[in-house]
Amino acid sequence: QTGFSWSPPHGYLRAVIATDDSVVAIGGAHDEVAIVTSCDGTTWTSADVPAHSGELMRGAFGAGIFVAVGDDYGPGETARGLRYVHTRSQGWQVSELSQEERLLDVIYGNGVFVGTQWPAGIRASRDGLRWDSVPVDTDEFYEARVFFDGDRFIAYTRRGLRTSKDGSTWST
């Protein structure tokens, strides 16, 4: 057999992230977050997470911490930020964020999580829970995406690629 069949949880799955010992897929629809895990890539189990409306779009894993970010739709369909963080010792924690704190993307490298902020900006965190704003040209970093190449962070911005070793100091 060349494949297998399965039914995804409610909504859509938008990202797949490898951890130390499993794979986590995240997503959802406007009315329910979806997080499923697998140790073998064949058998998937819905994670026991705090119920919440919204959808998770991006995720990252590092130092035993899993971070997923997305949107929570409030009254009038105004999107706010949504963040799920998982550690083995504390399980899943969910945070509702203001529209200004909303993250479009998140990645882990060199001991730090780096997220691109909506509509523009960069935030950094060592534990996935407390995030600091990073001073950058917000016009340049409008809807930026960020990657990690094993040595440095790379942000795709309106003016091209920017790099950083620590997620806080960015250069061309």
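Look above for the structure.
Everything numeric in this text was worked out from a predicted model, so none of it was measured.

Q: Just give me the short version of the environment of Val67, but keep the residues and values in it.
A: Note that Val67 resides in strand E6 (residues 65-73). Separated by 90 residues in the primary sequence, Val67 and Thr157 have C-alpha atoms spaced 22 Å apart. Setting aside its immediate chain neighbours within four residues, Val67 contacts Arg58, Gly59, Ala60, Arg83, Tyr84, Val85, Val106, Phe113, Gly128 and Trp131.

Q: Lay out the sheet that holds strand E9 (residues 103-109) with the relevant residues and their values.
A: Sheet strands line up and pair through hydrogen bonds in the backbone, either parallel or antiparallel. Taken together, the four strands give an open sheet; going across it, the order is E9-E10-E11-E12, and neighbouring strands pair in antiparallel fashion. What marks the edges here is a single partner per strand, and that holds for E9 and strand E12 (132-134). In this sheet, neighbouring strand axes are inclined to one another by 30° on average, regardless of whether the strands run parallel or antiparallel. Direction of pairing for strand E10 (residues 112-117) relative to strand E11 (residues 122-125): antiparallel, over a ladder of four bridges. Its bridge partner being in E11, Thr116 is matched across the sheet by Ile122.

Q: I'd like to hear about the nonpolar core, residue by residue, with values.
A: Counting residues in each nonpolar core, the largest one holds 14 residues, and the members touching the most others are Ile26, Ile35, Leu56, Phe66 and Tyr84. Contributing elements (two or more residues each) for this core: strand E1 (12-18), strand E2 (23-29), strand E3 (32-38), strand E5 (54-62), E6 and strand E7 (79-87). Beyond its immediate chain neighbours, meaning those up to four positions away, Ile35 contacts Val24, Ala25, Ile26, Thr45, Ser46, Ala47, Val49, Leu56, Tyr84 and Trp92. In terms of nonpolar packing, the next biggest core, distinct from the first, is built from twelve residues, Ala124, Val136, Phe141 and Phe153 among them.

Q: Got a sec to walk through the packing of aromatic side chains? Specific residues and values, please.
A: Counting across every chain of the model gives five aromatic pairs. When the centroid spacing of 5.8 Å and the interplanar angle of 80° are considered together, the rings of Phe66 and Trp92 count as edge-to-face. Of this pair, Phe66 sits in strand E6 while Trp92 sits in strand E8 (residues 91-97), and the two are 26 residues apart along the sequence. Each member of the pair, Phe66 together with Trp92, is buried. Measuring from ring centre to ring centre gives 5.0 Å for Phe148 and Phe153, while their planes differ by 55°; the resulting arrangement is tilted. Overall, Phe153 belongs to the buried group, its relative accessible area being 0%.

Basis of the calculations
Residues numbered from 1 in each chain as written. Predicted model: local features only at pLDDT ≥ 70, side-chain atom pairs only at ≥ 80, totals over all residues. Heavy atoms only, no water. Helix = DSSP H or I, 4+ residues; strand = E, 2+ residues; numbered from the N terminus. Contact = heavy atoms within 4.5 Å. Pairing = 2+ DSSP bridges. Axes fitted to C-alpha atoms, helices over the stretch in contact; angles between N-to-C directions. Core = buried A, V, L, I, M, F, W, Y, C linked by side-chain atoms within 4.5 Å. Buried < 20%, exposed > 50% of the residue type's maximum accessible area, 1.4 Å probe, protein only. Phe/Tyr/Trp six-rings, centres within 6.5 Å; stacked < 30°, edge-to-face > 60°.

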